[in-house]
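Structure assessment
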Amino acid sequence: MAREFRLLPRRPALAGLVIVLPLIMLLVLGGIFRAGIPTGMAVAVIDLDRSDLSRAVTRMLDAAPELTVTHRASDLSEARSLIVSGAVRGAVLMPQNLERDITRGARPEIVTFYDNQHMSAGSLVARGARNAIDTALAGLRLSVRQGQGEAPVQAMVALQPIPMQAHALFNPAFDYVHFLLAALIPTVLQIIAAAATAYAVSLDFGPGRHPRVLMRMAGGILPAMLGKILPYTVIFLLILGLSDVALYGWLAVPLRGSLWLVALGAVLFVLASQMIGALAFVLTRDMGRAASMIALITAPAFGFMGLGFPREAMSTLAQAWGAAIPGTWYVQLRIDQSLRATPLDISAMSVLWLAVIAGVLAALILAQLSRLARQEAAP
Amino acid sequence: MSALATAFRAELAAVLGDKQVRMIVLLALILYAVIYPLPYRAELLRDVPVVLVDQDGSTASADLARRVDASEAVALTHHAPDMAEATRLVHERRAYGVMLIPDGFERALLRGDQSPVALYADASYFLMYQRVMQGAAVPLRQMGAEIEAGRLIAQGTPRALATAQVSPAVQVEVPLFNPAAGYATYVLPAAFVLILQQTMMMGLALAATRRGPLPGHPVWRLLGRAGAWLAIWAGLLPVYLIVLPVLYGLPILGGPGALMMLGLPFLLAAGFLAQLVAALFRRGEVVQVVLLALGMPFFFLSGFAWPVEAIPAHLNALAQLIPSTAAIDGLVRVTQMGATLPEIAPILWHLWALVAGLGLVVLAVETVSPSRPAAPDRGPTAPSDSPAR
């Protein structure tokens, strides 16, 4: 193990992969999501009415935190072109005679068009526009009732017989940093841990090298393998720790659960990720093919964690594939213990799964190693 | 000119002849196309489970519950006597929201008071939160409007006027493109562009680390190589951007002409960038790991899933140097939104500027070190190709 630490400074490529690369990833990912909540999506207004009311609605739209009115379009096709070219993310159409029709009680339509191909931005636009128009219309309804002689407070109450008190569970600030970053960092680290470990192992166990020399030095195949893996476990845990300091300190993500459970999960997660790499290498005995194998397992892992599209809504096959990947359980554990303050007995399941995955991977590596040892022993 | 032809043939052989490079390029296509879309096949979130805590137990509360349950977005799958039990179900991920109808709900309505209902939605899953809020808000608003109108009519307001007073204008929301809000339709077209870029760069960078010295002026050698990339990926690009989307049932609005016009500078820029990555990291193993790790950051830097408005300006400027940033934006607009070439002209110019810029840098690098020796680190990989096959 000490040998591995001594070797590290002499192998700049390896040191770069296990230290510099993860740190750069940390900085870039942290930088992308620093803003936390996307605001100020560009929208166009198609104001065919040009009345006091339509101007009031436009002001309300611009005042919504989600939106900024950047363009005025004269008709629908112009608005559509603005949306397609990416100049704006949505458009609000106020028809001719809007104000007159409203006072006559003809209930005209106010239409919000939004770009749902870019769904994350599009749904923000829809929400912002809905709230802004609601506010504008509520003001109108309020003034009608007050005009009929109702007291302001009474009129206010009458507007909404069943108000909805909305609560955002576990994430009251509705901040994306909390869950996206908490999942992206482990995803990227899983890729790097697996690939770098495979690379480190390839330097000593690869064809043309003499693993037996190393084995004699370390006193057996198991200590030799552990000596290759554990030093990097320490390094990756330090990096994970650093990212946690950044998340919980700098970006102020709340930590509501058990730190010990998360720490135990982190150790199992890093070990399991590394063993994916080690197993890929001892199976293929070729870094190129090992890298492809690692890529297939770890690169698409983010989707299977269910942060965008929830796991519960996936097919059984996708759920099973996700369950076999250590990152899925570690990210679930992190979110449970940092944001959701999940009771320990529920969260312990994630740790258990991580332990099972780590155990199975270790058994597979040992089985393959002893097979290789027998092959080498036989002439 | 013969240098150009030599470089063209050598690059073709390097990509198609090398087992490892061929595996990355072709196997990746097949497997990524199968594994990546797997989580998103279900497309839509319907009937998200929600717990009902009905402390009123009245006709009105049952009516409200029935209306919410009938919405497409949510289903009231569990009933719990109190919030503690309901929260436990959410912790277990058996439900993603709680609707609490407090005691006295019906009484307050009959008296003509405000009668609030509380909705707790799991905000650690953005999509679930949205669906739960959506599923409950619409029926609540509708029931509220009916009650308000009812009260007005009771006060003697004519029916038509009462409706107009309750909702003076009709709010219509029209999603343009991806009208069903399908998750696969949203994420896959962009993901395919990124996968194409990453696997292409991986293959070409690997080939570059193994390249021996070739005769001729660097300009001809580079042009020859670029020709080889186009020859290979002109076939693969439509597979990623037309065939795969069709197989997954995604809508395609754009024509193949605009697609190829955008694809040409995209492929060239990615190829040049791959040369730089190879020159920077030298070893094939390292190149692969680095490109593998960069996939996720590249995706989020592109401003597709995470709106570009929320990316800090300096990072966004850096992101413009990555071909996928402009290519994802442009290709998604062409294939999914039916954008015409004039509408995406800035993106097209952006990509061509990248081609010119990156091309010049590659040329400068290759002129400075004209005959870089074949990568020194073939050691652990090359001889092993035989036994396992």
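A few points about the sheet that holds strand E4 (residues 117-122) of chain B
Read from one edge of the open sheet, five strands run E5(A)-E4(B)-E3(B)-E1(B)-E2(B), paired in mixed fashion. A strand with exactly one partner marks an edge of an open sheet, and here the two such strands are strand E5 (164-169) of chain A together with strand E2 (74-79) of chain B. Strand after strand, the sheet turns through a mean of 25° between neighbouring axes, direction not considered. Bridging between strand E1 (residues 48-54) of chain B and strand E3 (residues 97-101) of chain B involves four bridges; their strand directions are parallel. In the sheet register, B:Asp54 faces E3(B), and the bridge partner there is B:Ile101. The strands touched by helix H3 (residues 59-70) of chain B are E1, E2 and E3 of chain B; relative to E2(B), the strand with the most contacts, the crossing angle is about 130°. This element, helix H6 (residues 126-154) of chain B, spans E5 of chain A together with E1, E2, E3 and E4 of chain B of the sheet and lies at about 160° to E4(B).

Topic: the packing of helix H2 (residues 12-32) of chain A against helix H11 (residues 284-301) of chain B
Relative orientation of the contacting elements H2(A) and H11(B) amounts to 5°, with a least axis distance of 10 Å. In terms of axis orientation, H2(A) runs roughly parallel to H11(B). Contacts between H2(A) and H11(B) involve A:Ala13, A:Leu17, A:Leu21, A:Met25, A:Val28, A:Leu29 and A:Ile32 from the former and B:Val286, B:Val289, B:Val290, B:Ala293, B:Pro297, B:Phe300 and B:Leu301 from the latter. Taken together, the residues of the contact of H2(A) with H11(B) break down into 14 nonpolar, no polar and no charged.

Some details on the pairing of strand E3 (residues 90-94) of chain A
All names here are of chain A. With five of its five residues buried, E3 lies for the most part within the structure. Of the two faces of E3, the one holding Gly90, Val92 and Met94 and the one holding Ala91 and Leu93 are both buried throughout. In this structure, strand E1 (residues 41-47) lies alongside E3, joined through five bridges in parallel fashion. Looking at the pairing, Ile46 lines up with Leu93 of E3. Sheet topology note: the E3/strand E4 (residues 109-115) ladder contains four bridges and is antiparallel. Counted as the bridge partner of Ala91 is Phe113 from E4.

Looking at the confidence of the model for chain B
Residues and elements named next belong to chain B. Scored by pLDDT, chain B has a mean of 84; 94% of the residues are at 70 or more. Per-element averaging of pLDDT across chain B places helix H2 (residues 19-35) at the bottom with 79 and E3 at the top with 92. Predicted confidence for residues 371-389 stays below pLDDT 50, and this span has 28 contacts to residues more than four positions away or in other chains. As scored by the predictor, the complex reaches a pTM of 0.87 and an ipTM of 0.87.

Concerning the domain arrangement of chain B
What the domain assignment reports for chain B is domain 1 (2-40 + 182-376) and domain 2 (48-166). For domain 1 of chain B and domain 2 of chain B, the distance between their C-alpha centroids amounts to 50 Å.

Observations regarding the interface of chain A and chain B
With 102 residues of chain A at the contact, the number on the chain B side is 101 residues. The element best represented in the side of chain A that touches chain B is helix H6 (residues 119-147) of chain A, accounting for twelve residues. When grouped by side-chain class, the residues that make up the side of chain A that touches chain B number 64 nonpolar, 28 polar and ten charged. Across seven bridges, E4(A) lies against strand E5 (residues 170-176) of chain B in parallel orientation.

As for the domain arrangement of chain A
Quite often, the size of an interface is put as the accessible area lost when its parts meet. Per the domain assignment, the segments making up chain A are domain 1 (2-34 + 175-377) and domain 2 (41-159). Once you take the C-alpha centre of each, domain 1 of chain A and domain 2 of chain A turn out to be 49 Å apart.

Details of the sheet that holds E4(A)
Pairing is mixed across the open sheet formed by five strands, whose spatial order is E2(A)-E1(A)-E3(A)-E4(A)-E5(B). Bordering the open sheet on either side are strand E2 (67-72) of chain A together with E5 of chain B, each of which pairs with just one other strand. Averaged over all neighbouring strand pairs, the angle between strand axes comes to 25°, with direction disregarded.

Some details on the environment of B:Thr163
Relative to the elements of secondary structure, B:Thr163 occurs in helix H7 (residues 159-166). Residues B:Thr163 and B:Ala145 lie 18 residues apart in sequence; the distance between their C-alpha atoms is 8.2 Å.

Definitions and limits used
Residue numbers here run from 1 along each chain, matching the order of that chain's written sequence. As a convention, the first chain written is A and the first ligand written is 1, with the rest following in written order. It should be noted that, the model being predicted, local features are given only for residues of pLDDT at least 70 and side-chain atom pairs only at 80 or more, the latter also being counted only at that level, while totals for whole chains, interfaces and linings use all residues. Note on pairing: two strands pair once DSSP finds at least 2 bridges between them. Secondary structure follows DSSP: runs of H or I at least 4 residues long count as helices, runs of E at least 2 residues long count as strands, and numbering of each begins at the N terminus. Between the N-to-C directions of two axes lies an angle of 0 to 180 degrees, each axis being a line fitted to C-alpha atoms and, for a helix, fitted only over the stretch in contact. Throughout, a pair of residues is in contact if the C-beta atoms placed from their backbones lie within 7 Å. For classification purposes, angles smaller than 35 degrees are called roughly parallel, those larger than 145 roughly antiparallel, those between 65 and 115 roughly perpendicular, and all remaining angles oblique. Polar here means any residue outside two lists: the nonpolar Ala, Val, Leu, Ile, Met, Phe, Trp, Tyr, Cys and Pro, and the charged Asp, Glu, Lys and Arg; Gly therefore counts as polar. Burial is judged by counting the other C-beta atoms within 10 Å of a residue's own C-beta: 20 or more makes it buried, 12 or fewer makes it exposed, and any count in between marks it as partly exposed, with every C-beta position built from the backbone. Each residue carries a pLDDT score, the predictor's own confidence in it, on a scale running from 0 to 100. Throughout the structure description, domain borders are defined by an automatic or database domain assignment.

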